[in-house]
Amino acid sequence: MQQLLEMVKAAHASGDYQPLVDLIPYARMLGVECACYGEEVIFKLPANLDTIGNPTIPAIHGGVIAAFMELTAQFQLTLQMPQPGLAKVIDFSLDYMRAGLHRDTFAICTISRQGRRIGNCSVLAWQERKSRPIAQARAHFLLDASPIQESAT
């Protein structure tokens, strides 16, 4: 856990969160990328033929979009915690607004409230323009105390 704490500190200092994203096997399999622009962290799901759910359009599978957005929210909340720990999903509600076509998809998470035990946030996913989202989500997470915090008490 100490190594994770050091990685988080280094990521905050450099603004490069990709090594942390790569620690999550599913995010790595999907090819999720992460870039920091000022205080905003934007996630990218690169176009990939393996994520196509409807080959006729072709469109990204809805489950892939949902997973990408959930990972975005979970990662953003985890980064905001004072000590590294896992944010666990309590509730995740997703509205699909238009087809996610076979192209790069982006997502950003806005945290509306983060207490000691619960975090609430919203996620917006888009492709060509942020003003034309393909999906939006609301999520509630249980913020787990890390083993570092527990051992200090």
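Shown above is the structure to which this text applies.
Just so you know, these numbers come straight off a predicted model, no measurement behind them.

**Topic: the pattern of salt bridges**
For the structure on display, the rule yields 5 salt bridges. Here lysine 44 and glutamate 33 are joined by a salt bridge, their closest N and O atoms 3.8 Å apart. Here lysine 44 is found in strand 2 (residues 40-45), whereas its partner glutamate 33 is found in strand 1 (residues 33-37), with 11 residues between them in sequence. Among the salt bridges present, the one from aspartate 104 reaches lysine 44, with a minimum N-O distance of 3.4 Å. Here aspartate 104 is found in the loop between strand 5 (87-96) and strand 6 (105-114), whereas its partner lysine 44 is found in strand 2, with 60 residues between them in sequence. Here the salt bridges share partners, and the residues they tie into one network are Glu33, Lys44 and Asp104.

**Section: the pairing of strand 6**
Relative to strand 6, strand 2 is paired through 4 bridges, and the arrangement is antiparallel. Looking at strand 6, one finds that lysine 44 is bridged to phenylalanine 106. What sits between strand 6 and strand 7 (residues 118-126) in their antiparallel hairpin is a turn of 3 residues.

**Considering the packing of aromatic side chains**
The tally for this structure, following the rule as stated, stands at 2 aromatic pairs. Judged by centre distance (5.5 Å) and plane angle (85°), the rings of phenylalanine 43 and phenylalanine 75 are edge-to-face. With phenylalanine 43 in strand 2 and phenylalanine 75 in helix 4 (residues 62-80), this residue pair connects regions lying 32 residues apart in the sequence. Residue classification places phenylalanine 43 among the buried positions, given a relative accessible area of 2%. The buried category is assigned to phenylalanine 75, whose relative accessible area is 9%. Arranged with centres 6.0 Å apart and planes meeting at 25°, the rings of phenylalanine 106 and tryptophan 126 form a pair that is stacked. With phenylalanine 106 in strand 6 and tryptophan 126 in strand 7, this residue pair connects regions lying 20 residues apart in the sequence. Classification of tryptophan 126 by relative accessible area gives buried; the value is 8%.

So, how was this worked out
- Residues numbered from 1 in each chain as written.
- Predicted model: local features only at pLDDT ≥ 70, side-chain atom pairs only at ≥ 80, totals over all residues.
- Heavy atoms only, no water.
- Salt bridge = Lys/Arg side-chain N within 4 Å of Asp/Glu carboxyl O.
- Helix = DSSP H or I, 4+ residues; strand = E, 2+ residues; numbered from the N terminus.
- Pairing = 2+ DSSP bridges.
- Phe/Tyr/Trp six-rings, centres within 6.5 Å; stacked < 30°, edge-to-face > 60°.
- Buried < 20%, exposed > 50% of the residue type's maximum accessible area, 1.4 Å probe, protein only.

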